[in-house]
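# Commentary on secondary and tertiary structure
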Amino acid sequence: MIDITLLGTGSPIPDPNRAGPATLVRAGGEAFLVDCGRGVLQRAAAIGVGANALSALLLTHLHSDHIADLGDVLITRWVTTFVPDPVPLPIIGPPGTADVVDAMLKAFGPDIGYRIAHHDDLDAPPPVNVQEYTEGPVWDHDGVAIRVAPTDHRPVAPTIGFRIESGGASVVLAGDTVPCESLDELARRADALVHTVIRKDLVSLLPQQRIKDICDYHSSVQQAAATAKRAGVGTLVLTHYVPGIAPGQEEQWRALAASEFDGHIELGDDLHRVQIQPRT
Ligand SMILES: [Zn+2]
Ligand SMILES: [Zn+2]
């Protein structure tokens, strides 16, 4: 069984009810945080998961909304891990991730210095183990295997999706992408596909060209559903709603997905949880 919690279902636009993009995937006793948008640790706290409980941070890409709280994750894990010689936090992302993590630690350099000076048992900066990949296997421990493949969010590049397998179940996290063959292949026969979506029919009506531009490099609800259909996945989980789903509109969004995909469809508010069993 793999347990998916949508920690943040929002977008770059601050929303009082939706945190920024982040999904927690729990499998085989491990907890993987996929992207770390605005408010991620507050949402994780709501389900009793602290930064010190994360097995790894997986980043689909380096857009600000997906890494807005990277500094919070790094620093909070560091100051709330009380065992001596803590394991470095594995951070798996596309090329460019190491530079971003280094820069974030540099930005928090004064804070890191204050804490090392103040606490006898903190004598080194937050330990991290950054690994950059565009495809292939990236994790294989304790019955959990993860592999990545390129997605297409150009001009944002490189970007990656993750496939997490445990106990015979498989969950794919697409991140932000337009439909592409490598995502179809990564998602092939997966038990669940978590996909970010935008309503191009609504966004294209807005007057600002800068807002309309986002239609170029995201999947609409229907496109994400068509990807799920082509790949033969069991459950489609929609997240990162642009614009945020207005109260009472969930069924309209679900119907758009159902027009392309006849499997199970999940969508909802922050902390929506989906448990995925292997299909028989
Ligand atoms: Zn993006
Ligand atoms: Zn995004």
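Residues numbered from 1 in each chain as written. Chains lettered and ligands numbered in written order. Predicted model: local features only at pLDDT ≥ 70, side-chain atom pairs only at ≥ 80, totals over all residues.

An unreviewed UniProt entry annotates the protein as Ribonuclease Z of Mycobacterium fragae. UniProt lists a comment for the protein under the heading Sequence similarities (unreviewed entry), and it reads "Belongs to the RNase Z family." The record held by UniProt for the protein lists under Catalytic activity (unreviewed entry) the comment "Endonucleolytic cleavage of RNA, removing extra 3' nucleotides from tRNA precursor, generating 3' termini of tRNAs. A 3'-hydroxy group is left at the tRNA terminus and a 5'-phosphoryl group is left at the trailer molecule." (UniProt positions renumbered as here; feature names shortened; annotations may be inferred.)

## Points about the overall build of the protein
Scanning the protein from N- to C-terminus turns up 10 helices and 14 strands. Taking 19 Å as the expected radius of gyration for a compact globule of 280 residues, we find that the protein reaches 18 Å, a close match to that expectation. Taken over the C-alpha atoms alone, the protein extends approximately 60 × 50 × 30 Å along its principal axes. Per-residue burial over the protein gives 44% buried out of 280 residues. Look at the contacts in the protein between residues 6 or more apart in sequence, and 64% of them connect residues 24 or more apart. (Helix = DSSP H or I, 4+ residues; strand = E, 2+ residues; numbered from the N terminus. Rg over C-alpha atoms; globule rule 2.2 N^0.38 Å. Buried ≥ 20, exposed ≤ 12 C-beta atoms within 10 Å, placed from the backbone. Contact = placed C-beta atoms within 7 Å.)

## Section: the sheet that holds strand E1 (residues 2-8)
Within the open sheet, the 7 strands sit side by side as E6-E5-E4-E3-E2-E1-E14. Their pairing is mixed. The strands lining the two open edges of the sheet, one partner per strand, are strand E6 (128-132) and strand E14 (272-276). On average, each strand axis in the sheet is tilted by 20° relative to the strand beside it, whichever way the strands run. Here E1 pairs with strand E2 (residues 22-27) via 6 bridges, running antiparallel. What sits directly across from Ile2, in E2, is Ala27. In this fold helix H4 (residues 97-107) packs onto strand E5 (89-93) and E6, with an angle of close to 150° to the strand it touches most, E6. (Pairing = 2+ DSSP bridges. Axes fitted to C-alpha atoms, helices over the stretch in contact; angles between N-to-C directions.)

## As for the environment of Glu251
With respect to the helices, strands and loops of the structure, Glu251 is situated in helix H10 (residues 250-258). Linking Glu251 and Arg210, residues 41 residues apart in sequence, is a C-alpha distance of 28 Å.

## Some thoughts on the packing of helix H9 (residues 221-231) against H10
Packing of H9 against H10 leaves a shortest axis separation of 7 Å and a crossing angle of 45°. In terms of axis orientation, H9 runs oblique to H10. Crossing handedness for the pair H9 and H10: right-handed. Contact residues: H9 offers Val221, Gln222 and Ala225, while H10 offers Trp253, Leu256 and Ala257. Split by residue class, the contact of H9 with H10 holds 5 nonpolar, 1 polar and no charged. (Parallel < 35°, antiparallel > 145°, perpendicular 65-115°, else oblique. Left-handed = near helix turned anticlockwise from the far one by under 90°. Nonpolar A, V, L, I, M, F, W, Y, C, P; charged D, E, K, R; others polar.)

## Some thoughts on the pairing of E2
Within E2, 6 of the 6 residues are buried, which leaves it mostly tucked inside the rest of the structure. Along E2, one buried face is formed by Ala22, Leu24 and Arg26 and the opposite face, lined by Thr23, Val25 and Ala27, is buried too. By the bridge criterion, 5 bridges tie E2 to strand E3 (residues 30-34) in an arrangement that is antiparallel. Each bridged residue has a counterpart across the sheet, and for Ala27 the counterpart in E3 is Glu30.

## Here we look at the nonpolar core
Residues Leu57, Val171, Val172, Leu193 and Leu236 are the most contacted members of the largest nonpolar core, which totals 73 residues. In contact with Val171, not counting residues within four places along its chain, are Ile2, Ile4, Val25, Ile164, Ala190, Asp191, Ala192, Val194 and Ile276. (Core = buried A, V, L, I, M, F, W, Y, C linked by C-beta atoms within 7 Å.)

## Quick look at the sheet that holds strand E8 (residues 144-150)
For sheets, the rule is that strands pair by backbone hydrogen bonds, running either parallel or antiparallel. Taken in spatial order, the 7 strands of this open sheet run E7-E8-E9-E10-E11-E12-E13, and their pairing is mixed. A single partner strand is all that each edge strand has here, and the edge strands are strand E7 (136-141) and strand E13 (264-266). Sheet twist, expressed as the mean angle between neighbouring strand axes with direction ignored, is 20°. Strand direction decides the pairing type here: strand E9 (residues 160-166) and strand E10 (residues 169-175), joined by 5 bridges, are antiparallel. Each residue of the ladder has a partner; that of Ile164, found in E10, is Val171.

## Looking at H9
Listing the buried residues of H9 in full gives Val221, Ala224, Ala225, Thr227, Ala228 and Ala231. The buried residues of H9 occupy one face: seen down the axis, they fall within an arc of 155°. Positive phi shows up at Gly232, right after H9, with a value of about 70°. (Arc of directions from axis to C-beta.)

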